[in-house]
Amino acid sequence: MPMTIEEIIKRLGGPEQAARLTGVSTEAVRKWRQARAIPPKHWTVVLRETGLSLSDLQPATESDRPEPPMTAPSPTVPAERPPAATAALILADGTVLWGRGFGAHGEAASAIGEICFSTGMTGYQETLTDPSFAGQIITFTFPHIGNVGTTPEDDEAARVAARALVVKEDLTAPANWRSVESLDAWLKARGIPGICGIDTRALTRRIRDGGPQTAIVAYPADGRIDIAALQAQARAWPGLEGMDLAREVTCAKPYAWDEGVWHWPHGTVPLPAKRRRVVAVDYGAKRNILRCLSSAGCEVIVVPATATAEEILSHDPAGVFLSNGPGDPAATASYAVPAIRGVLDAGKPVFGICLGHQLLALTLGAKTYKLERGHRGANQPVKDLATGKVEITSQNHGFAVDDKTLPDGVRATHISLFDGSNEGIASDRYPAFSVQYHPESSPGPSDSRYLFDRFVALIDSLSPTA
């Protein structure tokens, strides 16, 4: 006789654990309960984790059977190019979406990458310049992009990391007192193409349900778009798994950072008198992270991603920060893990964010994996397991730490309320902790800014005279 949904969820460890194991949100688990059925696409995981048989999952009657799982729409290739189309979005599965180009013209190869979507309603400039987006084409789910223009103050890095952008509506004209340049002109100056006129809701559903895939934004100056050649090129691109991109976005040599966070209307505020020297390892660091470290009372020295433990420790740091960054953490680990291990063995406090979180986990003995759809946007809910509090966070990652591989002495501290994936760890052996999300925001809420103060408190507890 089939088991009830409640019994199955209980066997999986409760709603949050069921969501994490099957890669869905807790809202999806709630819908299982409402429908009194689990979609067949999750049966393999449920059978493996619970030891149940197939008959335990099958509905008792035909009328109770769950609907087939939602899948991405089948690829479609328009028979002919619409008259007004000046650009195309080509997916590796063969899909072609025509639209209107903006930003920079260029060779299609310069705009090839993994397509993803970002759910933030603001902060498109910060998103485009976040180095964690290297190798990716961003679909903005918010339809009105360009409405606040651009300003140098909002750049999170010296160059644009994303390879292209996809939006629904024509770029909105800037209407903000801080605007220095329109988004279109800003993109042209940086060699970044974009495409508008795309049904971004349908595209987002395709990515959500079918997983990430390679895409190309083609916006050539001569207007010639060879669809067949671009489809073949998209299929041939290897994807982000196994790709080390931190080397591409890191700094060339060490440098000091002494700028604090910006407060309207006065600009940056004076930095604290007491300064703890912190070495920030730049795997693709956002500038606002460095600002937050400075404002929390740190003298920041930034070093390249490839810096060894000896090179990091040569600066005599009171603590070491591991930054965000792009690519597959398992690939970057080849040189990052030995350096981080040396820092931990030296007893230095360590704080990591995003890729830095994943690299700390790998150093401590855990494993990482690629998420089915990733977390990108400024509205991601995270639960602190110690306090039960929920923070709304800014995130940008396609890989995650596997909770099930955390060794003894390393505990999970935060989880995603979207899919139950890991969002934070702490070590019982070393003075080290990390989070998957971005407490520095920019863009996004500042719910998690306290983590920089926690890092400074950890430093002071071990080195009161730092």
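Basis of the calculations
Residues numbered from 1 in each chain as written. Predicted model: local features only at pLDDT ≥ 70, side-chain atom pairs only at ≥ 80, totals over all residues. Heavy atoms only, no water. Helix = DSSP H or I, 4+ residues; strand = E, 2+ residues; numbered from the N terminus. Rg over C-alpha atoms; globule rule 2.2 N^0.38 Å. Buried < 20%, exposed > 50% of the residue type's maximum accessible area, 1.4 Å probe, protein only. Contact = heavy atoms within 4.5 Å. Areas by Shrake-Rupley, 256 points an atom, 1.4 Å probe, with all protein chains shown as cover. Lys, Arg positive; Asp, Glu negative; His and termini not counted. Charge placed at Lys NZ, Arg CZ, Asp CG, Glu CD. Axes fitted to C-alpha atoms, helices over the stretch in contact; angles between N-to-C directions. Parallel < 35°, antiparallel > 145°, perpendicular 65-115°, else oblique. Left-handed = near helix turned anticlockwise from the far one by under 90°. Arc of directions from axis to C-beta. Core = buried A, V, L, I, M, F, W, Y, C linked by side-chain atoms within 4.5 Å. Salt bridge = Lys/Arg side-chain N within 4 Å of Asp/Glu carboxyl O. Pairing = 2+ DSSP bridges. Disulfide = S-S within 2.5 Å. pLDDT = per-residue confidence, 0-100.

Q: Any chance you could explain the overall build of the protein here in plain terms?
A: Each helix and strand in the protein was counted, giving 15 helices and 19 strands. For 466 residues, the compact-globule formula gives about 23 Å, and the C-alpha radius of gyration of the protein, at 23 Å, lands near that figure. With the principal axes as the frame, the protein shows a C-alpha extent of 70 × 65 × 40 Å. Across the 466 residues that make up the protein, the buried fraction comes to 55%. Restricting the contact set of the protein to residue pairs at least 6 apart, pairs at least 24 apart contribute 74%. Carbon and sulfur atoms form 53% of the exposed surface of the protein, whose accessible area is close to 19900 Å². With 46 positive and 52 negative side-chain charges, the protein shows a separation of 2 Å between the mean positions of the two kinds.

Q: I tried to follow the packing of helix α13 (residues 329-345) against helix α14 (residues 355-364) on my own but got confused; where do I start?
A: A pair of packed helices is captured by two measures, namely the crossing angle of their axes and the spacing between those axes. Across the interface, α13 lies against α14 with an axial gap of 8 Å and an inter-helix angle of 70 degrees. As summarised for this structure, α13 and α14 are arranged roughly perpendicular, according to the angle between their axes. In this structure, the crossing between α13 and α14 has a hand that is right-handed. Within the contact between the two elements, α13 uses P329, A330, T332, A333, A336, V337, I340, R341 and L344 and α14 uses L355, Q358, L359, L360, L362, T363 and L364.

Q: Just checking my understanding: could you explain helix α9 (residues 227-236) for this structure?
A: Each full turn of the α-helix corresponds to 3.6 residues, which orients residues three or four apart in the same direction. Turning to α9, its buried residues number three or more, namely I227, L230, Q231 and A234. Down the axis of α9, the smallest arc covering the buried residues is 100 degrees, so these residues share one side. In α9, those exposed residues whose orientation departs by more than 90 degrees from the buried face are A228 and A236. Its buried side turned inward, α9 meets β1 (87-91), β2 (96-103), β3 (112-118) and β7 (213-218).

Q: Help me out: how do you make sense of the nonpolar core in this one?
A: Counting residues in hydrophobic clusters, the biggest one holds 33 residues, and the most contacted among them are Y283, I312 and L360. Elements represented by at least two residues in this core include exactly β11 (276-282), β12 (298-304), β13 (319-322), α13 and α14. The biggest single contributor to this core is α13, with 8 residues. Look past the residues within four positions of L360 in its chain and what remains in contact with it is L322, I340, L344, V350, I425, A432, F433 and S434. Membership of the second largest hydrophobic core comes to 28 residues, among which are F351, V382, A426 and F455.

Q: Just to check I follow, could you spell out unusual backbone geometry for this structure?
A: Look at the link from S442 to P443: it is a cis peptide, with omega at 5 degrees. When you line up the elements, P443 lands in the loop between β19 (432-435) and α15 (450-462). The phi angle at S442 is positive, at roughly 60 degrees, despite the residue not being glycine. Here S442 shows up in the loop between β19 and α15. Residue class for S442 comes out buried when judged on its relative accessible area of 14%.

Q: Where do I start with the pattern of salt bridges in this structure?
A: Proximity of charged atoms lets side chains of opposite charge pair with each other. Inspection of every chain in the model, using the stated rule, returns 20 salt bridges. For K404, the salt bridge is made with E49, and the minimal N-O distance between the two is 3.7 Å. Taken together, the residues span a long stretch of sequence, with K404 in the loop between β16 (390-401) and β17 (410-416) and E49 in helix α4 (residues 43-50) at a distance of 355 residues. The partly exposed category is assigned to E49, whose relative accessible area is 31%. Between D460 and R276 there is a salt bridge whose closest N-O contact spans 2.8 Å.

Q: Looking at this model, I keep getting lost on the sheet that holds strand β6 (residues 193-196). Mind explaining?
A: Sheet strands pair via backbone hydrogen bonds, and the direction of the pair is either parallel or antiparallel. Spatial ordering of the closed barrel is given by β1-β2-β6-β5-β4-β3-β7, a layout of 7 strands whose pairing is mixed. Neighbouring strand axes in the sheet, compared pairwise and without regard to direction, differ in orientation by 35 degrees on average. Looking at chain direction, strand β4 (residues 136-140) and strand β5 (residues 164-166) are connected through 3 bridges and run parallel. Considered in β5, the bridge of I138 is made with L165. Contacts from helix α8 (residues 200-210) reach β1, β2, β3, β4, β5 and β7, with the element oriented near 105 degrees to β3. Packed on one face of the sheet, α9 meets β1, β2, β3 and β7 and runs near 145 degrees to β7.

Q: Got a minute to help me understand the sheet that holds β16 in this structure?
A: The strand order β8-β12-β11-β13-β14-β19-β18-β17-β15-β16 describes an open sheet built from 10 strands, whose pairing is mixed. Both edges of this open sheet fall to β8 (255-257) and β16, since each of them pairs with a single strand only. Direction aside, neighbouring strands of the sheet carry axes that sit 25 degrees apart on average. In terms of strand pairing, β13 meets strand β14 (residues 350-353) through 3 bridges, oriented parallel.

Q: Explain the state of the cysteines to me, please; I cannot follow it from the model alone.
A: Working definition of a disulfide: a covalent bond connecting the sulfur atoms of two cysteines. Under the defined criterion, the tally for this structure stands at 0 disulfides. C292 carries a free sulfur, and the closest cysteine sulfur to it, the one in C298, is 11 Å from it. We classify C298 as buried; its relative accessible area is 0%.

Q: So what exactly am I meant to see when it comes to the confidence of the model for the protein here?
A: For residues with low pLDDT, the predicted coordinates do not support detailed interpretation. When the pLDDT values of the protein are averaged, the result is 89; 92% of them are 70 or greater. Here residues 60-74 is modelled with pLDDT under 50, and outside its nearest four sequence neighbours on either side it reaches 23 contacts, counting other chains as well.

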